[in-house]
Amino acid sequence: MTPRAADRARYDRATARLDAPLAVVDLDAFDANADDLVRRAGGKPIRVASKSLRCRALLERVLARPGFAGVMSFTLEESLWLARSGFDDVLLAYPSADRAGFAELTADAELARSVTVVVDDAAQLDLIEAARGNGREVVRVCLELDTSLRLLGGRIRIGALRSPLRGPAEVAELARSVARRPGFRLVGLMAYEGHVAGVGDAVAGRPVRSRAVRLMQSVARRELAERRAAVVAAVRAVAPDLEFVNGGGTGSVQYTAAEDAVTEVAAGSGLYVPRLFDDYTSFSGRPAALFAQPVVRRPGVGVVTVLGGGYPASGAAGRDRLPVPYLPEGLRYDPMEGPGEVQTPLLGAAADDLLIGDKVWFRHAKAGELCERFDRLHLVEGDRVTAAVPTYRGEGRTFL
């Protein structure tokens, strides 16, 4: 029996009394992935990206482990909810225009102590100030640095379109703008190098592209390390008590943690290890989050149909954004239909061994987005479900 076949047998036994569709998290794999992230971080704390988990119980589980500290959130509403739930170090990693949320933040001392907001433009500070109303609490601010690699005098840009702040002078100028404003305090700097952390460098069947990605990432890491160090020095000249410098992501933890200027790294997807993280040379993890769909039809030889399953992930549309049939091994989509809204045909010899009601296990392309499809996660230990915990959706929280 292959390791994957053994996992299928475990998951089928664990969920034998549960009807699909359902989602599971294998806690043995989840904990092993957490240990690997800590090893790669080399002693620097890991801030957990909540968008990759979208489950309070699992956020609490990983933050109880040595090596993890703080949450990186994705909306202001979520940040306030987490702070009220007992998470006392929440970094909102995306600028917000939630005026009602800022009014709450600035009117509550405990929220103001627990939540830090990211800005990259003085206009965002203006919006926060205008939203205060009667709120007088000091807002904790983190600046975001553009990490993109620019070549040929800037004519080629590789990296996400995020912050407009690139060099030491412009970041320091915004830092001074924060320092001059009553009611704001600069506490952090962050930089997410998605073109390094979020792009696989060992894509199966594409050796030339993979070599090109590795070369690009090597150049990008060196360029960013030098620029980030200069930016941090310039910001610390304005704010000597800067509390943290955050960087990285699951795919670049060990490289970012090695930079002296960085005090903490961010990661989250590496706990679930969705399919987009199969194509890396820098690390390998164990798939921990899966979902199962039931077989509902057997249209012919070598084909079964499961209920639903069309759960594409965000990003530029392509096959890599689709879930993959994972267990049993050897199933593939019908190229004429793909994963469907209400049914998904699957082809392959393994289909002939499946019966009506059997489960087919899939892996989602991206981590936390799976939780937007399910109200709860069944936690598997060995071959037993030991708990069922609500996702954000299961708690009635759909932030985006």
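The paragraphs below set out a description of the structure included in this document. Residues take numbers from 1 onward in each chain, read along the sequence in its written order. Side-chain atom pairs in this predicted model are given and counted only at pLDDT of 80 or more, local residue features only at pLDDT of at least 70, and totals for whole chains, interfaces and linings cover all residues. Side-chain measures here rest on the full set of heavy atoms in the structure, leaving out hydrogens and waters.

Notes on empty space enclosed by the protein
Then comes step 1: Within this scheme a cavity is a closed region of a 1 Å grid, computed over the protein atoms alone, that accommodates a 1.4 Å probe without allowing it to escape, whereas a pocket is open but has protein on both sides within 12 Å along at least five of seven lines; lining residues each have an atom within 4 Å of a point. Grid points are joined across faces, edges and corners, and a volume is the space filled by probe spheres set on the points. Overall, the coordinates contain 4 cavities of 30 Å³ or more when judged by the stated rule.
Then comes step 2: Put simply, the largest cavity is a space of about 60 Å³.
Then comes step 3: Glu 193, His 195, Val 196, Ala 220, Arg 221, Leu 224, Arg 228, Ser 252, Tyr 255, Thr 256 and Glu 259 are the residues that line the largest cavity.
Then comes step 4: At the level of secondary structure, the elements contributing two or more residues to the lining of the largest cavity comprise helix H9 (194-197), helix H10 (207-238) and helix H11 (253-257).
Then comes step 5: Helix numbering and strand numbering both begin at the N terminus, where a helix is a DSSP run of H or I of at least 4 residues and a strand a DSSP run of E of at least 2. Ranked by residues supplied to the lining of the largest cavity, first place goes to H10 with 4 residues.

Considerations on helix H7 (residues 122-131)
Then comes step 1: Per-residue accessibility, obtained with a 1.4 Å probe over protein chains only, is compared with the maximum for each type, and a residue is labelled buried under 20%, exposed over 50%, and partly exposed between these values. Within the sequence span of H7, burial applies to Gln 124, Leu 125, Leu 127, Ile 128 and Ala 131. End-on, the buried residues of H7 take up no more than an arc of 160°, which puts them together on one face.
Then comes step 2: Every residue pair with non-hydrogen atoms within 4.5 Å of one another is taken to be in contact. Summarising the contacts, the buried residues of H7 are in contact with helix H5 (99-107), strand E5 (115-119), strand E6 (139-144), helix H8 (168-180) and strand E9 (184-191).
Then comes step 3: In protein, a polar contact means a hydrogen-donor-capable atom and an acceptor-capable atom, both N or O and within 3.5 Å, with residues adjacent in sequence counting only if both atoms are side-chain atoms; elsewhere, any N or O pair within 3.5 Å suffices. Here H7 starts with a cap whose side-chain oxygen sits 2.7 Å from the backbone nitrogen of Ala 123, and that cap is Asp 121.
Then comes step 4: Once H7 finishes, Gly 133 follows within two positions and takes phi at roughly 65°, a positive value. In this context, the arc is that of the directions from the helix axis out to the C-beta atoms.

Observations concerning the layout of surface pockets
Then comes step 1: Here the second largest pocket is characterised by a volume of approximately 180 Å³.
Then comes step 2: Surrounding the second largest pocket, Arg 275, Arg 319, Leu 322, Pro 323, Val 324, Pro 325, Leu 331, Arg 332, Tyr 333, Asp 334 and Pro 335 form its lining.
Then comes step 3: Put simply, the parts of the chain that give the lining of the second largest pocket at least two residues each are strand E14 (324-327) and strand E15 (332-333).
Then comes step 4: Here the residues of the lining of the second largest pocket sort into 7 nonpolar, no polar and 4 charged. Under the convention adopted here, Pro, Cys and the residues Ala, Val, Leu, Ile, Met, Phe, Trp and Tyr are nonpolar, Asp, Glu, Lys and Arg are charged, and Gly plus all remaining residues are polar.

Focus on the environment of Gly 248
Then comes step 1: Locating Gly 248 in the fold gives a position in the loop between strand E10 (244-247) and H11.
Then comes step 2: Counting along the chain gives 18 residues from Gly 248 to Ala 266, while the straight-line C-alpha distance between them is 5.6 Å.

So, the side chain of Thr 15
Then comes step 1: If you trace the backbone, Thr 15 turns up in the loop between helix H1 (3-14) and strand E1 (22-26).
Then comes step 2: Under the relative-accessibility criterion, Thr 15 is labelled buried at 0%.
Then comes step 3: Separated by 2.8 Å, the side chain of Thr 15 and the backbone oxygen of Tyr 11 make a polar contact.
Then comes step 4: Those residues in contact with Thr 15 that sit more than four places away from it in its chain are Leu 22, Val 24, Lys 359, Trp 361 and Val 385.

Describing the pattern of salt bridges
Then comes step 1: We define a salt bridge as a side-chain nitrogen of Lys or Arg found within 4 Å of a carboxyl oxygen belonging to Asp or Glu. As enumerated under the stated definition, the model contains 34 salt bridges in all.
Then comes step 2: Notably, a salt bridge pairs Glu 243 with Arg 140, separated by 2.8 Å at the nearest N-O pair. Taken together, the residues Glu 243 in the loop between H10 and E10 and Arg 140 in strand E6 connect sequence positions 103 residues apart.
Then comes step 3: The class of Glu 243 is partly exposed, set by a relative accessible area of 41%.
Then comes step 4: For Arg 140, a relative accessible area of 11% corresponds to the buried category.
Then comes step 5: Several salt bridges share partner residues, and in doing so they unite Asp 146, Arg 150, Arg 157, Arg 166, Glu 223 and Arg 227 into one network.

Considering H8
Then comes step 1: A helix is expected to reach a length of 1.5 Å times the quantity of its residues less one. Here H8 spans 18 Å end to end across 13 residues, near enough to the 18 Å set by a 1.5 Å rise per residue.
Then comes step 2: Where H8 is buried, its residues contact E5, H7, E6, E9 and H10.

Regarding the sheet that holds strand E2 (residues 46-49)
Pairing between the strands of a sheet is mediated by backbone hydrogen bonds and can be parallel or antiparallel.
Then comes step 1: One requirement defines pairing of two strands: DSSP has to find at least two bridges between them. With parallel pairing, the 8 strands of this closed barrel are ordered in space as E2-E3-E4-E5-E6-E9-E10-E11. When the angles between neighbouring strand axes are averaged without regard to direction, this sheet yields 30°.
Then comes step 2: Here E10 pairs with strand E11 (residues 264-267) via 2 bridges, running parallel. The partner of Gly 247 across the bridge, within E11, is Val 265.
Then comes step 3: Packing of helix H4 (residues 76-84) onto the sheet brings it into contact with strand E3 (68-73), strand E4 (90-92) and E5, and relative to E4 it is tilted by some 175°. Orientation is described by lines fitted to C-alpha atoms, with helices fitted over the stretch in contact, and by angles between N-to-C directions that extend from 0 to 180 degrees.

Thoughts on unusual backbone geometry
Then comes step 1: Across the junction of Ala 20 and Pro 21, the peptide omega takes the value 5°, indicating a cis bond.
Then comes step 2: Omega for the peptide link from Leu 327 to Pro 328 comes to 0°, which places this bond in the cis form.
Then comes step 3: Along the chain, Pro 328 turns up in the loop between E14 and E15.
Then comes step 4: You will see that Leu 152, though not glycine, has its phi angle at about 55°, which is positive.
Then comes step 5: By secondary structure assignment, the location of Leu 152 is in the loop between strand E7 (149-151) and strand E8 (156-158).
Then comes step 6: Residue classification places Leu 152 among the exposed positions, given a relative accessible area of 53%.
Then comes step 7: With a phi angle near 55°, Val 273 is a residue other than glycine that sits in the positive phi range.
Then comes step 8: Note that Val 273 resides in the loop between helix H12 (269-272) and strand E12 (289-300).

Re the environment of Arg 397
Then comes step 1: Within the secondary structure, Arg 397 is located in the segment after strand E19 (384-390).
Then comes step 2: Residue Arg 397 is classed as partly exposed on the basis of its relative accessible area, which comes to 29%.
Then comes step 3: Separated by 65 residues in sequence, Arg 397 and Arg 332 place their C-alpha atoms 33 Å apart.
Then comes step 4: With sequence-adjacent residues up to four places away left out, Arg 397 is seen in contact with Glu 77, Trp 81 and Tyr 392.

Here we look at the nonpolar core
Then comes step 1: Counting 88 residues, the largest nonpolar core has Leu 143, Tyr 272 and Leu 377 as the members making the most contacts within it.
Then comes step 2: Ranked by the residues each element gives to this core, the list is headed by helix H2 (residues 27-41), at 6 residues.
Then comes step 3: Excluding anything up to four places from it in sequence, Leu 143 contacts Val 119, Val 171, Leu 174, Ala 175, Val 178, Leu 186, Gly 188, Leu 189 and Met 190.
Then comes step 4: Throughout, nonpolar core names a set of buried Ala, Val, Leu, Ile, Met, Phe, Trp, Tyr and Cys residues whose side chains join them through atoms within 4.5 Å. One finds Tyr 11, Ala 14, Ala 292 and Tyr 326 within the second-largest nonpolar core, a separate group that totals 11 residues.

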